[in-house]
Amino acid sequence: MVTRHQVLVASNRGPVSYSVGEGGDLTAKRGGGGLVSGLSAVKGDAVWVCAALGDGDREAVRRTEGRLDPADTGGQTVRMLDIPPEVFSDAYNGIANSVLWFVHHMLYQTPLEPAFDTAFDRQWRSYEAYNAAFADALAEEAAEGAAVLVQDYHLTLVPGMLRERRPDLRIGHFSHTPWAPPDYFRMLPDDPDGGVAAEVLRGILGADRAAFLTQRWANAFTECCVKLLGAEVAVGDDGEMVVTHEGRTTRVGVHGLGADADFLRERSRRPDVDERMAALREQIGLDRDGNARRTIVRVDRTELSKNIVRGLHAYRRLLDDHPEWHDRVVHVAFAYPSRQDLAVYRDYTAEVSRVAEQINAAYGTEDWTPVVLHVKDDFARSLAAYRLADVALVNPIRDGMNLVAKEIPVVSDHGCALVLSREAGAFAELAEDAITVNPYDIGATADALHRALSMEAGERAERTKRLAAAATALPPTAWFTGQLDALRS
């Protein structure tokens, strides 16, 4: 008999992943992030529904019938779905990451893409099937009147599908990405009677409440509902927007996920982080006068929207325009490969390495490596760089939030100047104490880096304190429980 739950979370990726050893043993690895921290704050009866992402996960599903061992999940109840690999691939790579992500981050090279052809039609049917699998599982797991929090662009159709299956439920959807403005969003097939754009909007409007990281993204969503669906938008008594469409209302809220200060400060003081700090200091080295070199730090996945290549070009422009920084600064760039099963991401990752090598070849000396590039993911090393940074460069083309911009000020040892793109969601909360840049303007970004490097230590420290306070205003547990409370109200 299935135990029905009062609180349910649905996301593509769950709190644990599995790998299979040579002897067939399964090894579980716990993930991090806001959802893991947030769900741990839920007391009582909760379940997390997620998808199997690889062979190890699929084997775990087979051995446990999809109900993972709580010893692997930190005590959380997790149901993992083994969606057929070809369906998962089409839905995840074909639609979620190659269409919806590109639309919301406005990444398309429009002379060439997108082209919605028969391959897209097949992938979209898989996306519908993938969302239906989640809706079926949630309907099965949910107690009467339960609260369901559906996460992100992978699962935009789930709220509407789940509403049809279980009209008694309280359903919320949270978007961790930006939301595209109407003129860009309707690049998707936008036939109002059945186009993909309308399906995505109607899917989310199946929720009682749709939530976003910033007011800017919430506004873009409601504008799409008005212009593509003819929905009506009003402001409720609580100040939140309310979308009315086809006889239903959906409240629209904002929850700006913050950094987990307690975890970051504790984790960043462990011995493995100290070891990596020592190794980084050795790589960075001393200048010709025996002084510690200044550091410009960035920590990103090689995601197209993170704008790593332009950041490197801006650093090169800094060295061109301000030769006084030669031998005195090092750009510590962590670019961890992302989505390498997609050719465009592999090409971008290769370009990051190529530009870094060019800069080192052009400016480096026997005693000075201008760019220290690391491509192997290492959280302890990232925290070490956070602590060492004199300047943090966060220059995305477009980002739902960008937690790196919030995390670095929290763990910085001596204060860190933040150079921040105005297109990051974090800009809404951090702009006052950051140095703002247009992410496309390489010259202006170089000027911002020079200003940040030249900032007096006292000003840098004071800015960092204010940035850290803003960055931790809504930690993951409060972010999660805030959504849950708002959904139930």
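Presented here is an overview of the structure given in this document.

About the thresholds
Residues numbered from 1 in each chain as written. Predicted model: local features only at pLDDT ≥ 70, side-chain atom pairs only at ≥ 80, totals over all residues. Heavy atoms only, no water. Pairing = 2+ DSSP bridges. Helix = DSSP H or I, 4+ residues; strand = E, 2+ residues; numbered from the N terminus. Axes fitted to C-alpha atoms, helices over the stretch in contact; angles between N-to-C directions. Salt bridge = Lys/Arg side-chain N within 4 Å of Asp/Glu carboxyl O. Buried < 20%, exposed > 50% of the residue type's maximum accessible area, 1.4 Å probe, protein only. Contact = heavy atoms within 4.5 Å.

**Thoughts on the sheet that holds strand β11 (residues 248-254)**
One open sheet holds the nine strands; their spatial order is β5-β4-β1-β6-β7-β8-β11-β10-β9, and the pairing between them is mixed. The open sheet has two edge strands, β5 (78-81) and β9 (232-235), and neither has a second partner. With strand direction ignored, the average angle separating the axes of adjacent strands in the sheet is 20°. For strand β10 (residues 241-245) and β11, the ladder comprises five bridges, and the chain directions are antiparallel.

**As for the pattern of salt bridges**
For the coordinates displayed, the defined rule picks out 35 salt bridges. Ionic pairing is found between Asp-90 and Arg-122, a salt bridge with its closest N-O pair at 3.0 Å. With Asp-90 in helix α3 (residues 85-104) and Arg-122 in helix α4 (residues 118-141), this pair connects stretches of sequence that are 32 residues apart. What makes Asp-90 buried here is its relative accessible area of 12%. Between Arg-269 and Asp-413 there is a salt bridge, with the nearest N and O atoms lying 2.8 Å from each other. Taken as a pair, Arg-269 in the loop between α9 (261-267) and α10 (271-284) and Asp-413 in the loop between α14 (404-411) and β16 (417-421) lie far apart in primary sequence, 144 residues in all.

**Side note on the side chain of Thr-445**
Along the chain, the position of Thr-445 falls in helix α16 (residues 442-454). When neighbours within four sequence positions are excluded, Thr-445 is seen to be in contact with Ala-314, Leu-393, Val-437 and Asn-438.

**Some remarks on the sheet that holds β16**
Spatially, the six strands line up as an open sheet ordered β14-β13-β12-β15-β16-β17, and their pairing is parallel. The sheet is open, and its two borders are formed by β14 (371-374) and β17 (435-437), each paired with just one other strand. For this sheet the average axis-to-axis angle between neighbouring strands, irrespective of direction, equals 20°. As paired strands, strand β12 (residues 294-301) and strand β13 (residues 329-336) are joined by eight bridges and run parallel to one another. Of the residues in β13, the one forming a bridge with Val-297 is Val-332. The sheet contacts of α10 involve β12, β13 and β14, and relative to β13 the element is tilted by about 130°.

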